[in-house]
Amino acid sequence: MTTSATTQVGKAAVAPSEMTKALARPSRSFWQDAWLRLLHNKAAVAGAIVILFFMLVAVFAPVLAPHNPLELNSGKGFLPPMWVEQSATGKAGTPEFILGTDNLGRDVLSRLIYGARVSMVVGFIPTLIIIVVGVSLGLVAGYWGGSTDNILMRITDVVYAFPDLLFFIIVMTALRATAIGQFLNGLFLLFVALALVNWVGVARLVRGQVLALKERDFVLASRAVGSTHMRIMFRHILPNSMGVIIVAMAFLIPGAIITEAILGYLGLGLRPSTDPADIFITSWGSMLLEGQSAINNQPWLLLAPAIAVALVVLSFNFLGDGLRDALDPRLRE
Amino acid sequence: MTVSVPVAQKDMLVVQNLKTYFPVRAGVFQRVVAHVKAVDDVSFTVREGETFGLVGESGCGKTTVSRTILRLIPATGGSVFFDGQDVFNLRSNELKALRRNMQIVFQDPYSSLDPRMPVGDIISEGLLIHGMKDSKQRNAIVQEMLDKVGLNPYHAHRYPHEFSGGQRQRIGIARALSLNPRFIVCDEPVSALDVSIQSQILNLLKALQREFGFSYLFVAHDLSVVEHISDRVGVMYLGKLVEVTTRESLYEEPLHPYTQALLSAIPTPNPRRRRERIVLKGEVPSPLNPPTGCRFHPRCPIAKEICSQEIPVLEEKRPEHYVACHLVDVVGKSTPVVG
């Protein structure tokens, strides 16, 4: 009773008059506008659906995988995918192993499904660390300027100047045997390496954004009414930088997935597990490595993970392009 | 229509010898190699309830003056008193309290409103900062302010991009009004607007002043706009005030040669009326390295030798009429502008 009465009063107080009611169409915020623009972009929506699909696959891998990815089916090694009637070595595919088996008779589809876990985790977790670190440092450097800015920017120059891949290879090789190199089958070390290299790009991007925004009159206006620096940073500058941050994120994720695949292929990524209790059993990068030796006679071993990587990366790029167009309409055309 | 200012009106804002220099940095270590003297020794007062117009061409430092007074830009020297309170020597809580009384309306209505905030939040930001936690109370004030500036209540939920330039400027005015200030800086509030909208905004500003009785520091480069709204006018050239007087005497008897040249450049509506146009030679010199003596002397049509040697002081050459020029004869006693 009481609640409905108060809502009634509340509504009556803000209800526009009859005349203005006709004019008062629903107002759309920037984010609602951006969302609608994104939904109109078919490639971005398709990308988002593919990404969502792979995320679900990663989470529900044990349910979806038709076989145990570690199970060695003796005598059934190198089986081609089910639709191949005769492979180079004269074997025929069977519906039991949809995408065939590898040299040890392990089901390729199941391994591919488990590999999605690594790609998704490698895509998202380092990116989150990168965003948090990069945005914080970029905000501080851009807003406070002076020597803080100078020192931070010289550090980013140094990190930028170092070749990324060389850094990954050195770190993954040098620390492979240590405790952090062992943690999560080496994935943790990969997260750290990715974060160390990539935070600089985000920090620079955010710094540039902050430098431009802090000179705008609405920031001065906010100071003129007495806002604290914290309020200006978090209520005015950060919300106005969210667009570029989200776009940067959408392009960092596929970059990390590709890096994992490259390192996996070089044998420096996730070390393949034989323990069924592990969450991360194999990665697409490791599967590429395993598949390359048999490229002439068993091309499916290489093609399956390669197509999976390409599909995910392409989807992220489509989504990233869509986000960029949706969040910064001026960049279009 | 406009009320002429009684002489005995109380001073609300006193600006004394205000200096704002911007350092110029160069080299690897970003050392300060020079200063841009954007505002150099400027003194004037704004009285209770009046509009003080500040005119000058682009880059003469008028915007810098207004922002330095509000402590949006750090001052290099001099002092500003608001109601006897030293604005440059305040603790942070005192400064915050002062901000309620001194507000600003910006020139560019597109950059002065946060594009990610609904209009209601923009207008009520100051209320929230100054401790009005109750959103219903804030809403009520937002509605009142929107009404005062001629917008509709439902506009509070809209975003800035949904408004025209004139409407945005009204939102900026509503934001300045929300804290119920006693002094508002209008930093070229109409120069970004169409001429038809300009007069609407000017009339709104005047009507609000009549209703609330606050003072304006009205910065502009358009002399006809300043004539329309000001009680007294200060003319700036290259970081210095060259003439301060009432609107009437400025437009009837401009004394400084720079002011005379500016006034001769106002277009007249009557095409047949011939008027002598004083065309100034050359460009405004760089404030990085201003001319010696009177800063106007390289372009002054009547400059004498003394002008390049001695800096003229702003003196009361006629009653209520202060001029910084060696060549204007003193009639009566001379007193400094701020006493």
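This one's a predicted model, so the numbers in the text were calculated from it and none came from an experiment.

Details of the overall build of chain B
Tallying secondary structure elements over chain B gives nine helices and twelve strands in all. Compactness check: chain B gives a C-alpha radius of gyration of 21 Å against a globular reference of 20 Å for 339 residues, within 12% of the reference. The principal-axis extent of the C-alpha atoms belonging to chain B is close to 65 × 60 × 40 Å. Counting every position in chain B, which comprises 339 residues, the buried fraction comes to 44%. When contacts within chain B are restricted to residue pairs at least 6 apart in sequence, those whose partners lie at least 24 apart make up 63%.

Points about the overall build of chain A
Secondary structure assignment for chain A yields 14 helices and zero strands. Tracing chain A from N to C terminus, the helices and strands come up as α-α-α-α-α-α-α-α-α-α-α-α-α-α. The globule rule puts the C-alpha radius of gyration for 333 residues at 20 Å, and the 26 Å found for chain A is more than 25% above it. Expressed as a percentage of contacts within chain A between residues at least 6 apart in sequence, the contacts between residues at least 24 apart total 71%.

With respect to the nonpolar core
Counting residues in hydrophobic clusters, the biggest one holds 162 residues, and the most contacted among them are Ile104, Ile184, Phe218 and Leu241 of chain B. Element by element, the count of residues in this core is highest for helix H6 (residues 108-144) of chain A, at 16 residues. Beyond its immediate stretch of four places on either side in the chain, isoleucine 104 of chain B contacts Ala221 and Ala224 of chain A together with Leu70, Ala176, Ile184, Val185 and Asp187 of chain B.

Examining the sheet that holds strand E1 (residues 11-26) of chain B
The four strands are arranged E2-E1-E4-E5 (chain B) in an open sheet whose pairing can be described as antiparallel. Since the sheet does not close on itself, it has two edges, and those belong to strand E2 (31-47) and strand E5 (85-86) of chain B, each with one partner.

Describing the interface of chain B and chain A
Facing 27 residues of chain B, the contacting portion of chain A comprises 20 residues. Every element with two or more residues in the side of chain B that touches chain A is listed here: helix H2 (92-99), strand E6 (102-105) and helix H3 (119-129) of chain B. Per-element tally for the side of chain B that touches chain A: the top contributor is H3 of chain B, with three residues. Classifying every residue of the side of chain B that touches chain A by side-chain character gives eleven nonpolar, seven polar and nine charged.

What about the environment of glycine 285 of chain A?
Secondary-structure assignment places glycine 285 of chain A in helix H13 (residues 284-292). Measuring from C-alpha to C-alpha, the distance between glycine 285 of chain A and alanine 261 of chain A comes to 3.8 Å, with 24 residues separating the pair along the chain.

Concerning the sheet that holds strand E10 (residues 240-246) of chain B
Residues and elements named next belong to chain B. The strand order E6-E7-E8-E3-E9-E10-E12-E11 describes an open sheet built from eight strands, whose pairing is mixed. Sheet topology places E6 and strand E11 (315-318) at the edges, where each strand pairs with a single neighbour. With direction set aside, neighbouring strand axes in the sheet form an average angle of 25 degrees. Where strand E3 (residues 51-55) lies against strand E8 (residues 215-220), five bridges are found, and the strand directions are parallel.

Things to note about helix H4 (residues 135-148) of chain B
All names here are of chain B. The end-to-end C-alpha distance of H4 is 20 Å, a good match for the 20 Å that 14 residues give at a rise of 1.5 Å each. All of the buried residues along H4 are Arg138, Ile141, Val142, Gln143, Met145 and Leu146. Just downstream of H4, glycine 150 is the residue with a positive phi angle, here 85 degrees.

Here we look at the pairing of E6 of chain B
All names here are of chain B. The two faces of E6 match: Met102 and Ile104 on one face and Gln103 and Val105 on the other face are all buried. Direction of pairing for E6 relative to strand E7 (residues 183-187): parallel, over a ladder of four bridges. Looking at the pairing, isoleucine 104 lines up with valine 185 of E7.

Describing the confidence of the model for chain B
Note that predicted coordinates carrying low pLDDT should not be read in detail. All names here are of chain B. Here chain B shows a mean pLDDT of 88. Residues at 70 or above account for 94%. Within the model, the stretch residues 1-7 combines pLDDT values under 50 with four contacts to residues more than four positions away or in other chains. Scored below 50 in pLDDT, residues 332-339 makes 14 contacts in the model with residues more than four places away or belonging to other chains. Predicted complex, confidence summary: ipTM 0.86, pTM 0.81.

Describing unusual backbone geometry
Even without glycine at this site, asparagine 185 of chain A takes up a positive phi of about 55 degrees. Backbone geometry at leucine 238 of chain B places phi at a positive 50 degrees, although glycine is not the residue there. Here leucine 238 of chain B falls in the buried class, since 24 other C-beta atoms lie within 10 Å of it.

Description of the pairing of E10 of chain B
Residues and elements named next belong to chain B. Burial runs high along E10: six of the seven residues are buried. Note that strand E9 (residues 232-237) and E10 share six bridges and pair antiparallel. Bridge pairing in E10 places tyrosine 237 opposite lysine 240. Between E9 and E10, which follow one another and run antiparallel, lie two residues, and leucine 238 among them has a positive phi close to 50 degrees. Note that E10 and strand E12 (residues 321-323) share three bridges and pair antiparallel. Counterpart to valine 244 in the pairing with E12 is tyrosine 322.

Looking at the packing of H6 of chain A against helix H10 (residues 187-214) of chain A
Residues and elements named next belong to chain A. Contact geometry of H6 with H10 gives a least axis separation of 5 Å together with a crossing angle of 40 degrees. Read as a crossing pair, H6 and H10 show a hand that is right-handed. Per-class residue counts for the contact of H6 with H10 are 26 nonpolar, four polar and three charged.

Remarks on helix H6 (residues 195-212) of chain B
Residue and element names in this part refer to chain B. Taking 1.5 Å of rise per residue, 18 residues should cover 26 Å, and H6 covers 26 Å from first to last C-alpha, within 8% of that figure. Where H6 is buried, its residues touch helix H5 (165-178), E7 and helix H7 (223-229). Following H6 by one or two positions, glycine 213 has its phi on the positive side, about 75 degrees.

Let's talk about the environment of aspartate 328 of chain A
Residue and element names in this part refer to chain A. In this structure, aspartate 328 sits in the segment after helix H14 (300-327). The class for aspartate 328 is partly exposed, based on 13 C-beta atoms found within 10 Å. When the C-alpha atoms of aspartate 328 and isoleucine 253 are compared, they prove to be 20 Å apart, with 75 residues separating the residues in sequence.

Observations concerning the packing of H6 of chain A against H14 of chain A
Residue and element names in this part refer to chain A. The geometry of H6 relative to H14 is characterised by a closest axis approach of 11 Å and an angle of 35 degrees between their N-to-C directions. Seen along the crossing, H6 lies across H14 with a hand that is right-handed. Contact residues: Val108, Leu112, Gly115 and Ser119 in H6; Trp300, Leu301, Ala304, Pro305, Ala308 and Val312 in H14. Taken together, the residues of the contact of H6 with H14 break down into eight nonpolar, two polar and no charged.

About the cut-offs
- Residues numbered from 1 in each chain as written.
- Chains lettered and ligands numbered in written order.
- Predicted model: local features only at pLDDT ≥ 70, side-chain atom pairs only at ≥ 80, totals over all residues.
- Helix = DSSP H or I, 4+ residues; strand = E, 2+ residues; numbered from the N terminus.
- Rg over C-alpha atoms; globule rule 2.2 N^0.38 Å.
- Buried ≥ 20, exposed ≤ 12 C-beta atoms within 10 Å, placed from the backbone.
- Contact = placed C-beta atoms within 7 Å.
- Core = buried A, V, L, I, M, F, W, Y, C linked by C-beta atoms within 7 Å.
- Pairing = 2+ DSSP bridges.
- Nonpolar A, V, L, I, M, F, W, Y, C, P; charged D, E, K, R; others polar.
- Axes fitted to C-alpha atoms, helices over the stretch in contact; angles between N-to-C directions.
- Expected span 1.5 Å × (residues − 1).
- pLDDT = per-residue confidence, 0-100.
- Left-handed = near helix turned anticlockwise from the far one by under 90°.

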